[in-house]
Amino acid sequence: MPQKIFSRDHWPLAQKLADIVYCNPFEESRWELERECLGKDYQERERYVGPGEAEELLAPNLKRLIGLALSLMEPARARLAKVQEVSEAERVAYENLVHFVVYHEFMEKYDKLIEYSLEGKPQPGGVSFFYEYRDRQRYFLSVHAATRFSPEQEGLYFALYYQLRRAWLNIYRYLVGGSEAISALRSRIWSSCFTHDMRRYQRSLYNRMSDIVTLITGPSGTGKELVARAVGMSRFVPFDVQAGRFAVDFGAAFYPLNLSALSPTLIESELFGHRKGAFTGALQDREGYLEECGRFGTVFLDEIGETDASIQVKLLRVLQTRQFQRLGDTALRPFVGKVMAATNRDLPDEIAGGNFREDFYFRLCADRIRTPSLKEVLAGSGDELEVLVRHIAFKVAGPIDGDSLAEESVAWISKNLGQAYRWPGNFRELEQCVRNILIHGSYEAEDLSVSRDDAERVKEGADNSLTANQLLSRYAQEVYRRGGSYEETARVLQVDRRTAKRYVVGVD
Ligand SMILES: Nc1ncnc2c1ncn2[C@@H]1O[C@H](COP(=O)(O)OP(=O)(O)OP(=O)(O)O)[C@@H](O)[C@H]1O
């Protein structure tokens, strides 16, 4: 018969605190739980926007939560040492409190390790704080056979904590903004790393995520590559307890390839590798990304919508069979890593137009992330423009003049572009806008004049007999007349070149 280790007073709080471990930290439910645990001691936090600020804003509540957890754990530990049998519910809650506390106690050490990796330095002398971590965890867990971890479990949780910390930092490091749209994007990235069910993830899924392809879609300049990096660099990497180090350096396990910039042969050579003499210039055998990336690496296929049919077929085969051949070689080699892909094209549209294989598309889209346009990001939040401009201004002008450039830029944008501006180039355009303001004191937003004039022109010619497609076509023709090319039209309309041409030439 199990005996209680938490007192009746402590038990409800212990359960709530333990549940925090499984929350997506970018979801409101996490803050609700914190609020419930801390009651009147909860400090309402500001919306946070970037890595440094996030830590500062979270610290006061986090400190209190850790204190609270420890105040429940110590008496529970003392009881645990005395009881014969403990209930499963209490065992799990106790174990989760241990995770919560130990993870946060070692956070700074993980941060150092992450910093090293991002700077391309090796893990300093192996990862020596593993032993400190293990002793601390054993202090809580080894008092009873039911809670004691095996050496494998000790290594596993050490690696899971590391992954959690990387994911948290990577998501903040790369994505700036406090709007709902950006918060939702962060939450979605977190799910891509851990799924929506952390319990399942830590039980078994951490080892099975390679097979899931992540497809990132969204307009140009909205941070698709940033998202890919955040997911790719936050993958589970096991810790080798014997060797005292992680299996790979996460910072070196991300392999980006822009498919629109390379010829099909080069793409194949980069991805699949080649044998000496496979083509002119193949002077020796070479491993491709699919081989090099290994089990914990990620190959990122940017601009997947631009790939020609032959590459689509080959990639489909790799995803289906998890095997590939080097160029000029017949030996089949296994692919064991993860694939991510991104495009600003509307792939269902491309499929309808015969430019993209449907079977390939369905192999790509098990996990989809859509990056919001800048217009969407700004629409939901009053001060988001300032937040983003400040980030850019500090990057461009540095700490001494960041503030003044941010102020000047926000004032100029508000006065000259206003809220109606579409920002067709999205975040990338905003970056250029701030740079222009730094250099010239102004920014020429070509899109604005084009769209106003064109809208007038389209209206003039339109009568009630036009279909929506004909109206769209007229608009596209006006944009084409001004821009002078299908590329420019495609940019302004935010569609791909082929679609732009279809509208200009006339649909239906
Ligand atoms: N939320 C964001 N926070 C910080 N920087 C951002 C954000 N979104 C975009 N950026 C910046 O905008 C620029 C473009 O981002 P990125 O190259 O990732 O866009 P993309 O969607 O991949 O574009 P494309 O489709 O043209 O390849 C980069 O300088 C990136 O740092």
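Residues numbered from 1 in each chain as written. Predicted model: local features only at pLDDT ≥ 70, side-chain atom pairs only at ≥ 80, totals over all residues. Heavy atoms only, no water.

In the nomenclature of an unreviewed UniProt entry, the chain corresponds to Sigma-54-dependent Fis family transcriptional regulator from the organism Pelagicoccus enzymogenes.

Asks: How should the overall build of the chain be read in this particular structure?
Replies: Broken down by element type, the chain carries 22 helices and 11 strands. Counting across all 508 residues of the chain, residues that qualify as buried make up 49%. Look at the contacts in the chain between residues 6 or more apart in sequence, and 71% of them connect residues 24 or more apart. Accessible surface, the chain: about 24,500 Å² in total, of which carbon and sulfur atoms supply 49%. (Helix = DSSP H or I, 4+ residues; strand = E, 2+ residues; numbered from the N terminus. Buried < 20%, exposed > 50% of the residue type's maximum accessible area, 1.4 Å probe, protein only. Contact = heavy atoms within 4.5 Å. Areas by Shrake-Rupley, 256 points an atom, 1.4 Å probe, with all protein chains shown as cover.)

Asks: Please clarify how the site of the ligand should be interpreted in this entry.
Replies: Neighbouring the ligand are 17 residues, the closest being Val 176, Ser 220, Gly 221, Lys 224 and Arg 428. Between an oxygen atom of the ligand and a main-chain N or O atom of Leu 226, the distance comes to 3.4 Å. Protein coverage of the free-state accessible area of the ligand, which is 630 Å², stands at 87%. Broken down by secondary-structure element, the contributors of at least two residues to the shell around the ligand are α10 (224-232) and α18 (426-440). A class-by-class count of the residues in the shell around the ligand yields seven nonpolar, five polar and five charged. (Near = heavy atom within 4 Å. Polar contact = N/O pair within 3.5 Å; in protein donor to acceptor, adjacent residues only side chain to side chain. Nonpolar A, V, L, I, M, F, W, Y, C, P; charged D, E, K, R; others polar.)

Asks: What am I meant to see in the environment of Gly 382 here?
Replies: You can see Gly 382 is positioned in the loop between α16 (374-379) and α17 (384-416). With a relative accessible area of 82%, Gly 382 lands in the exposed category. For the pair Gly 382 and Ser 179, spaced 203 residues apart in sequence, the C-alpha separation works out to 8.7 Å.

Asks: Help me understand the pattern of salt bridges in this model?
Replies: Side chains carrying opposite charge are able to pair once their charged atoms draw close together. The tally for this structure, following the rule as stated, stands at 26 salt bridges. We note a salt bridge from Asp 19 to Arg 199, for which the minimum N-O separation is 3.1 Å. A residue pair is termed long-range when its members are at least 10 positions apart, and Asp 19 in helix α1 (residues 11-20) and Arg 199 in helix α9 (residues 198-203) qualify at 180 residues. Using a relative accessible area of 37% as the deciding quantity, one classes Arg 199 as partly exposed. In this structure, Glu 291 and Arg 326 form a salt bridge, with 3.0 Å as the shortest nitrogen-oxygen distance. Note that Glu 291 is positioned in helix α12 (residues 289-292) and Arg 326 in the loop between β8 (323-325) and β9 (332-334), a separation of 35 residues in sequence. (Salt bridge = Lys/Arg side-chain N within 4 Å of Asp/Glu carboxyl O.)

Asks: Mind showing me how you'd approach the environment of Glu 384 here?
Replies: As for its placement among the helices and strands, Glu 384 is situated in helix α17. Given a relative accessible area of 0%, Glu 384 falls into the buried group. Between the C-alpha atoms of Glu 384 and Val 176, which are 208 residues apart in sequence, the distance is 9.7 Å. Reaching out from Glu 384, the side chain makes a polar contact with the backbone nitrogen of Gly 178 at a distance of 3.0 Å. A polar atom in the side chain of Glu 384 sits 2.8 Å from the side chain of Ser 179.

Asks: It is not clear to me how helix α4 (residues 88-105) should be interpreted in this structure. Could you clarify?
Replies: Residues separated by three or four positions in an α-helix point in the same direction, a consequence of the helix having 3.6 residues per turn. The first and last C-alpha atoms of α4 sit 26 Å apart over 18 residues, in line with the 26 Å expected at 1.5 Å per residue. Where burial is concerned, most of α4 is hidden: 14 out of the 18 residues are buried. (Expected span 1.5 Å × (residues − 1).)

Asks: Honestly, unusual backbone geometry in this entry has me stumped. Any pointers?
Replies: As a rule of thumb, non-glycine residues mostly have phi less than zero, and peptide bonds are mostly trans rather than cis. Phi is positive for Thr 195, close to 65°, though the residue is something other than glycine. Inspection of the secondary structure puts Thr 195 in the loop between α8 (180-194) and α9. One non-glycine residue, Arg 322, adopts positive backbone phi at about 60°. Positionally, Arg 322 belongs in the loop between α13 (309-321) and β8. For Arg 322, a relative accessible area of 18% puts it in the buried group.

Asks: For this particular structure, what's the right way to read the nonpolar core?
Replies: A general tendency of soluble globular proteins is for nonpolar side chains to be buried together. The biggest cluster of nonpolar side chains holds 112 residues, and the ones touching the most others in it are Tyr 94 and Ile 413. The element contributing the most residues to this core is helix α7 (residues 151-174), with 14 residues. Judged by nonpolar contacts, the second largest core, of 29 residues, contains Tyr 289, Val 299, Val 318 and Leu 319. (Core = buried A, V, L, I, M, F, W, Y, C linked by side-chain atoms within 4.5 Å.)

Asks: Would you mind going over empty space enclosed by the protein with me for this structure?
Replies: Empty space left among the atoms is revealed by rolling a probe the size of a water molecule over them. Enumeration over the complete set of coordinates arrives at three cavities of 30 Å³ or more. In this structure, the largest cavity spans a volume of roughly 100 Å³. Contributing to the lining of the largest cavity are Gln 163, Ser 192, Cys 193, Tyr 201, Tyr 206, Met 209, Val 231, Ser 234, Arg 235, Phe 236 and Lys 338. Looking at side-chain class alone, the lining of the largest cavity contains six nonpolar, three polar and two charged residues. In this model, the second largest cavity occupies a volume close to 60 Å³. Taken together, Tyr 206, Asn 207, Arg 208, Met 209, Ser 210, Arg 235, Phe 236, Arg 295 and Phe 296 make up the lining of the second largest cavity. Among the residues making up the lining of the second largest cavity, the classes are represented as four nonpolar, two polar and three charged. (1 Å grid on protein atoms, 1.4 Å probe; cavity = no way out; pocket = protein on both sides within 12 Å on 5 of 7 lines; lining within 4 Å. Points joined across faces, edges and corners; volume = space filled by probe spheres on them.)

Asks: What's the story with the sheet that holds strand β11 (residues 367-370) in this structure? I'm lost.
Replies: In a beta sheet, neighbouring strands are held together by backbone hydrogen bonds and run either parallel or antiparallel to one another. Spatially, five strands are ordered β4-β7-β10-β1-β11 in an open sheet, and the strand pairing comes out parallel. In this open sheet, the two edge strands, each paired with only one partner strand, are β4 (254-258) and β11. The average undirected angle you get between the axes of adjacent strands in this sheet is 20°. In this sheet, strand β10 (residues 338-343) lies alongside strand β1 (residues 214-217) in parallel orientation, the contact comprising four bridges. Bridging from a neighbouring strand, Thr 214 pairs with Met 340 of β10. Where α8 meets the sheet, it contacts β1 and β11, and its direction lies at approximately 160° from that of β11. (Pairing = 2+ DSSP bridges. Axes fitted to C-alpha atoms, helices over the stretch in contact; angles between N-to-C directions.)

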